[in-house]
Amino acid sequence: GWITNYMAVQMIFYPVKFRGIPLIVREEVPLGLLGWQGIVPCKTRKMSIAMVNMVTTQLLTVSEVFAKLSPKKCAQLLGPKVPAVVQDVIQ
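Heads up: these notes are all about the structure in this document. Just so it is clear, the model here is predicted, and its values are computed rather than measured. (Residues numbered from 1 in each chain as written. Predicted model: local features only at pLDDT ≥ 70, side-chain atom pairs only at ≥ 80, totals over all residues. Heavy atoms only, no water.)

### As for the overall build of the protein
Short version of the rule: Counting from the N terminus, the helices are the DSSP runs of H or I reaching at least four residues and the strands are the DSSP runs of E reaching at least two. Throughout this description, buried means an accessible area under 20% of the type-specific maximum (1.4 Å probe, protein chains only), exposed means over 50%, and partly exposed covers the range between. All accessible areas in this document rest on Shrake-Rupley with a 1.4 Å probe, and a residue is counted as covered only by the protein chains that are shown. Just so you know, the count uses Lys and Arg for positive and Asp and Glu for negative, and it drops His and the chain ends. By convention, the charge on Lys lies at NZ, on Arg at CZ, on Asp at CG and on Glu at CD.
Secondary structure summary: the protein contains six helices and three strands in total. Along its sequence from the N terminus, the protein presents helices and strands in the succession α-β-β-β-α-α-α-α-α. C-alpha atoms of the protein, sized along the principal axes, occupy 50 × 35 × 20 Å. The buried share of the protein, taken over its 91 residues, is 10%. Surface exposure of the protein reaches about 7900 Å², of which carbon and sulfur atoms provide 69%. Charge centroids of the protein, computed over 10 positive and 4 negative side chains, lie 8 Å from each other.

This is the structure in structure tokens:
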């Protein structure tokens, strides 16, 4: 019924972080020995890589994406983080 459908959708997206006793938890596997993490939050890395590959190979080229970016807006957003990144690279 609708209760099981509701629960199934909830389990796809929630919880965002693993909940339970983390005795055995493997990366990108939502079910631990004694706990659970939503399927989508658990697989964000794999899904992000697949999405970027699809967009850059089938929908847009990297050049098209960069052509649409505003240099001023990028500088505003990324500028404050550059010193910390530079320090991490140097060390």
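The structure having been displayed, the exposition proceeds.
### With respect to the environment of Gly-38
As a reminder, the rule being used: Residue contacts follow a heavy-atom distance rule, with two residues in contact if any of their heavy atoms lie within 4.5 Å.
Inspection of the secondary structure puts Gly-38 in the loop between strand S3 (34–36) and helix H2 (39–42). Residues Gly-38 and Phe-18, 20 residues apart in the sequence, show an inter-C-alpha distance of 7.8 Å. Here Gly-38 is in contact with Met-11, Ile-12, Phe-13, Tyr-14, Pro-15 and Pro-30, once residues within four sequence places are set aside.

### Quick look at the sheet that holds S3
Test applied: A strand pair is defined by DSSP finding two or more bridges across the two strands.
The three strands lie next to each other as S1-S3-S2, forming an open sheet whose pairing is antiparallel. The outermost strands of the open sheet, each flanked by one partner alone, are strand S1 (19–21) and strand S2 (31–32). Where S2 and S3 come together, two bridges link them in antiparallel fashion. Note that in S3 the partner of Leu-31 across the bridge is Trp-36.

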